[in-house]
Amino acid sequence: MSLFVHVSDFQLTQLWKKSDTEVVVAVVPSQIKGRSFVIHHSELCSLRPHQWLNGEIIESLFHVAAHASGVVDTIYILSHYTAGVILFGDRTELPRQSLPRVNFDNYEAVLSFVLVNNNHWKLLYINTNASTVFLMDPAQLSSELEDSKNAAKRIQEYFKMRRTCHGKTDWVGIRWKGGAMRHPIQQDGSSCGVIVVKMAKALMEAFPLMPDVEFDTTKKAMKDERKALGLHILEASVFDDQTCCAMCAAYKPPVSGPQMTDWIQCDRCDKWFHALCLDIKSNQYEKAKRGSWKCLLCT
Ligand SMILES: [Zn+2]
Ligand SMILES: [Zn+2]
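Residues numbered from 1 in each chain as written. Chains lettered and ligands numbered in written order. Predicted model: local features only at pLDDT ≥ 70, side-chain atom pairs only at ≥ 80, totals over all residues. Heavy atoms only, no water.

**Student:** Sorry, what's going on with the packing of helix 3 (residues 55-68) against helix 7 (residues 219-236) here?
**Tutor:** Helix-helix packing is described using two parameters, namely the angle between the two axes and the distance between the axes. Following both chains from N to C, one finds helix 3 and helix 7 inclined at 65°, their axes separated by 10 Å at the closest point. Relative to helix 7, the element helix 3 is oriented roughly perpendicular. Regarding helix 3 and helix 7, the two cross each other, and that crossing is left-handed. Where helix 3 approaches helix 7, its residues I57, S60, L61 and V64 are matched on the opposing element by L229, H232, I233 and A236. For the contact of helix 3 with helix 7, a count of residues per class yields six nonpolar, two polar and no charged. (Axes fitted to C-alpha atoms, helices over the stretch in contact; angles between N-to-C directions. Helix = DSSP H or I, 4+ residues; strand = E, 2+ residues; numbered from the N terminus. Parallel < 35°, antiparallel > 145°, perpendicular 65-115°, else oblique. Left-handed = near helix turned anticlockwise from the far one by under 90°. Contact = heavy atoms within 4.5 Å. Nonpolar A, V, L, I, M, F, W, Y, C, P; charged D, E, K, R; others polar.)

And the structure:
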């Protein structure tokens, strides 16, 4: 089977119809060569209408968009976990997020997103050309300018910490200020993640210019966008389901176990699995080998 199969709406809606499993449905290349995101079925399912988006899905969509708009070498996509620690974390946690191998001088901007109140995503945009930090709230529940100013202070501290801990001087001399820009407002209770991705895409596509961030946020528009984002993930996937395990995404079984294991193929979707990763008992395995066997996703 070819790696680059055409993905249809039908395939996506079929995956959404099933109850969540941890089967791998896509492997999406990150901005950094050789690194990728493993997307599990449950994560893809968070794009279903009215569901709150999973952080891994949002982050991989940022990387897909960076490739599509040709900004992988100019805009650094910061992990949302690191961004959360920089903006809201305890200062003692900061040194562990110092990214000693990244040279920010190689980039002109940073894009990321952060979780607030455990249930709401906001977009973080750091632009060196304007020395400005934007913290954009899809629902605009608080003053974005105030939030951005606070974020700018934390960003300033972050780069000072990197100089103290690693002698890194990239971006340390910039006097960061907070900024705000017009953008569409969320109208429902679950689509903050979708709007964060849409805003990030608009910023990447217009870069280095500042875009007019404008799009529809109606129920219908959000529903269509969720489908489009799901298809982007499946289309960007480089997962080779004929040589890799659909449970751990790797050829070799996980290092914690033995280096050898049996393989078992689903008779319905043809995906392959390490018997080890399925935690399948040997008598069950023998039975599955003789008869037909369907994976979690197909039963
Ligand atoms: Zn495996
Ligand atoms: Zn299957």
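Following the structure, the description resumes.
**Student:** Honestly, the domain arrangement of the protein chain in this entry has me stumped. Any pointers?
**Tutor:** Accessible area lost on assembly of the parts is the figure often given for the size of an interface. Examined at the domain level, the protein chain breaks down into domain 1 (9-236) and domain 2 (241-299). Each of domain 1 and domain 2 has a C-alpha centre, and these two points are 34 Å apart. Across the interface of domain 1 and domain 2, roughly 700 Å² is buried in total on both sides, 76% from carbon and sulfur atoms. Ranking the residues of domain 1 by area buried against domain 2 places K18, V23 and V24 at the top, with a combined share of 59%. (Domains from an automatic or database assignment. Buried area = accessible area lost by both parts, 1.4 Å probe.)

**Student:** What's the story with empty space enclosed by the protein in this structure? I'm lost.
**Tutor:** In this approach a probe as big as a water molecule rolls over the atoms, and the regions it shows empty are the leftover space. Scanning the model with the defined rule gives one cavity of 30 Å³ or more in all. The computed volume of the largest cavity comes to approximately 40 Å³. For the largest cavity, the full set of lining residues is L78, I86, F104, V110, I126, I155, Y158 and F159. With three residues, the single largest contributor to the lining of the largest cavity is helix 5 (residues 144-166). For the lining of the largest cavity, the residue count by class is eight nonpolar, no polar and no charged. (1 Å grid on protein atoms, 1.4 Å probe; cavity = no way out; pocket = protein on both sides within 12 Å on 5 of 7 lines; lining within 4 Å. Points joined across faces, edges and corners; volume = space filled by probe spheres on them.)

**Student:** It is not clear to me how the coordination of the zinc ion (ligand 1) should be interpreted in this structure. Could you clarify?
**Tutor:** At the metal site, the zinc ion (ligand 1) is ligated by C245 (SG), C248 (SG), H274 (ND1) and C277 (SG), and these contacts range over 2.1 to 2.3 Å. Geometry at the zinc ion (ligand 1) is tetrahedral, judged from the four donor atoms that bind it and their angles of 102 to 120° at the metal. Along the chain, the residues donating to the zinc ion (ligand 1) fall in the pattern C-x2-C-x25-H-x2-C. (Donors = N, O, S within 2.8 Å, 3.2 Å for Na, K, Ca; no water. Tetrahedral: all angles 85-135°; square planar, octahedral: opposite > 155°, others 65-115°.)

**Student:** In this structure, what is going on with the coordination of the zinc ion (ligand 2)? I would like to understand it.
**Tutor:** Ideal geometry at a metal centre: 109.5 degrees between donors when four sit tetrahedrally, and 90 or 180 degrees when six sit octahedrally. Taken together, C266 (SG), C269 (SG), C295 (SG) and C298 (SG) make up the protein donors of the zinc ion (ligand 2), found 2.3 to 2.4 Å from the metal. Metal-centred angles of 106 to 115° between the four donor atoms at the zinc ion (ligand 2) mark the site as tetrahedral. Positions of the donor residues of the zinc ion (ligand 2), expressed as sequence spacing, correspond to C-x2-C-x25-C-x2-C. Taken together, the residues C269 in the loop between strand 8 (263-265) and strand 9 (272-274) and C298 in the segment after helix 9 (282-290) connect sequence positions 29 residues apart. When its relative accessible area of 24% is taken as the criterion, C269 is described as partly exposed. Here C298 falls in the buried class, since its relative accessible area comes to 11%. (Buried < 20%, exposed > 50% of the residue type's maximum accessible area, 1.4 Å probe, protein only.)

**Student:** It is not clear to me how the packing of helix 4 (residues 80-88) against helix 5 should be interpreted in this structure. Could you clarify?
**Tutor:** Two elements in contact, helix 4 and helix 5, have axes whose closest approach is 8 Å; the angle formed by their N-to-C orientations is 105°. Taken together, the axis directions place helix 4 and helix 5 in an arrangement best described as roughly perpendicular. Across the interface between the two elements, V85, I86, L87 and F88 from helix 4 touch A151, R154, I155 and Y158 from helix 5. For the contact of helix 4 with helix 5, a count of residues per class yields seven nonpolar, no polar and one charged.

**Student:** Can you walk me through the nonpolar core in this structure?
**Tutor:** Across soluble globular proteins, nonpolar side chains show a tendency to be buried alongside one another. The biggest cluster of nonpolar side chains holds 69 residues, and the ones touching the most others in it are I39, L44, F62, L111, L123, M204 and F273. For this core, the leading source of residues is helix 6 (residues 192-206), giving ten residues. Beyond its immediate stretch of four places on either side in the chain, M204 contacts F62, A65, A66, S69, V71, I75, I77 and L111. In this structure, A83, V85, L87 and Y107 belong to the second largest nonpolar core, which totals 26 residues. (Core = buried A, V, L, I, M, F, W, Y, C linked by side-chain atoms within 4.5 Å.)

**Student:** Looking at this structure, how should I read the side chain of K122?
**Tutor:** Relative to the assigned elements, K122 resides in strand 5 (residues 120-127). Polar contacts involving the side chain of K122 include one to the side chain of D147, which spans 3.1 Å. (Polar contact = N/O pair within 3.5 Å; in protein donor to acceptor, adjacent residues only side chain to side chain.)

**Student:** Please clarify how the sheet that holds strand 5 should be interpreted in this entry.
**Tutor:** The strand order across the open sheet formed by five strands is 3-4-5-6-7, and the pairing between neighbours is mixed. A single partner strand is all that each edge strand has here, and the edge strands are strand 3 (75-77) and strand 7 (177-179). Across the sheet, the mean angle from the axis of one strand to that of its neighbour is 25°, orientation sign disregarded. Summarising the sheet, strand 6 (residues 132-136) and strand 7 pair through three bridges and their orientation is parallel. What sits directly across from F134, in strand 7, is G179. (Pairing = 2+ DSSP bridges.)

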